[in-house]
Amino acid sequence: MKKSMVVYWSQTGNTEAMAKAIGEGLKSTCEDSCVKTVSEVSASDLKDLEGFALGCPAMGDEVLEETEFEPFIEEVEQFVGGKKIVIFGSYGWGDGQWMRDWEERCNGAGVTFATDYVIVNETPDADGDAACQELGKALV
């Protein structure tokens, strides 16, 4: 893969920790990767990439963050068909419905998933960290 990027939104730092672990997984197989918050990039930054990772925690009633991340995803959906991506996030309540909804939404946009999504409850433990690193490796 020419270049990969991990783009995430995090409120408490849990999804940020996941993003960094995914970035570590990418580094082990791909020199040119970067981890950025959604405020540091625009959707157009992803257009020429073959694949990328997107991360967001469950918010409110198990939805994506609505102020910054949701508008970003709406833009990405316009060109994501055929891209190889992974999605990830953390939660503190519920059962992961936000991730299942997001996966279904991505399928509707024509996404090719590199592997299954990863979710963790609260802060990633050693198993969660390892799963995130494997997610990064699967992206490449």
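This text goes with the structure placed above it.
Summary of the structure given here. This structure is a prediction, so every number in the text was calculated from the model and none was measured.

**Points about the overall build of the protein**
Okay, step 1: A tally of regular secondary structure across the protein gives four helices and six strands.
Okay, step 2: Taken over the C-alpha trace, the protein has a radius of gyration of 13 Å; the compact-globule value for 140 residues is 14 Å, and the two agree within 12%.
Okay, step 3: With respect to the principal axes defined by its C-alpha atoms, the protein has extents near 35 × 35 × 25 Å.
Okay, step 4: Looking at the protein residue by residue over its 140 residues, the buried ones come to 46%.
Okay, step 5: For the protein, restricting intrachain contacts to residue pairs at least 6 apart in sequence, the fraction spanning at least 24 positions comes to 78%.
Okay, step 6: Of the roughly 6700 Å² of accessible surface on the protein, 42% is carried by carbon and sulfur atoms.
Okay, step 7: When the 11 positive and 27 negative side-chain charges of the protein are each reduced to one mean point, those points stand 9 Å apart.

**Notes on the side chain of Glu 70**
Okay, step 1: In this structure, Glu 70 sits in helix H2 (residues 69–76).
Okay, step 2: What Glu 70 contacts, discounting residues up to four positions off in sequence, is Leu 64, Glu 65 and Arg 105.

**With respect to the pattern of salt bridges**
Okay, step 1: Counted by the stated rule, this structure contains six salt bridges.
Okay, step 2: The salt bridge partner of Lys 27 is Glu 24, with a shortest N-O separation of 3.5 Å. In this pair, Lys 27 and Glu 24 both sit in helix H1 (residues 14–27), three residues apart, roughly one turn of the helix.
Okay, step 3: In this structure, the salt-bridge partner of Glu 134 is Lys 137, at a minimum N-O distance of 3.4 Å. Of this pair, Glu 134 and Lys 137 both sit in helix H4 (residues 126–139), separated by three residues, roughly a single helical turn.
Okay, step 4: Owing to a relative accessible area of 33%, Lys 137 belongs among the partly exposed residues under this scheme.
Okay, step 5: Among the charged side chains, a network of salt bridges with common partners joins Glu 70, Glu 77 and Arg 105.

**Side note on H2**
Okay, step 1: If you check which residues of H2 are buried, you get Phe 69, Glu 70, Phe 72, Ile 73 and Val 76. Relative to the axis of H2, the buried residues are bounded by an arc of 160° and lie together on one face.
Okay, step 2: Those residues of H2 that are buried are in contact with strand E1 (4–8), strand E3 (51–55) and helix H3 (97–108).

About the cut-offs
Residues numbered from 1 in each chain as written. Predicted model: local features only at pLDDT ≥ 70, side-chain atom pairs only at ≥ 80, totals over all residues. Heavy atoms only, no water. Helix = DSSP H or I, 4+ residues; strand = E, 2+ residues; numbered from the N terminus. Rg over C-alpha atoms; globule rule 2.2 N^0.38 Å. Buried < 20%, exposed > 50% of the residue type's maximum accessible area, 1.4 Å probe, protein only. Contact = heavy atoms within 4.5 Å. Areas by Shrake-Rupley, 256 points an atom, 1.4 Å probe, with all protein chains shown as cover. Lys, Arg positive; Asp, Glu negative; His and termini not counted. Charge placed at Lys NZ, Arg CZ, Asp CG, Glu CD. Salt bridge = Lys/Arg side-chain N within 4 Å of Asp/Glu carboxyl O. Arc of directions from axis to C-beta.

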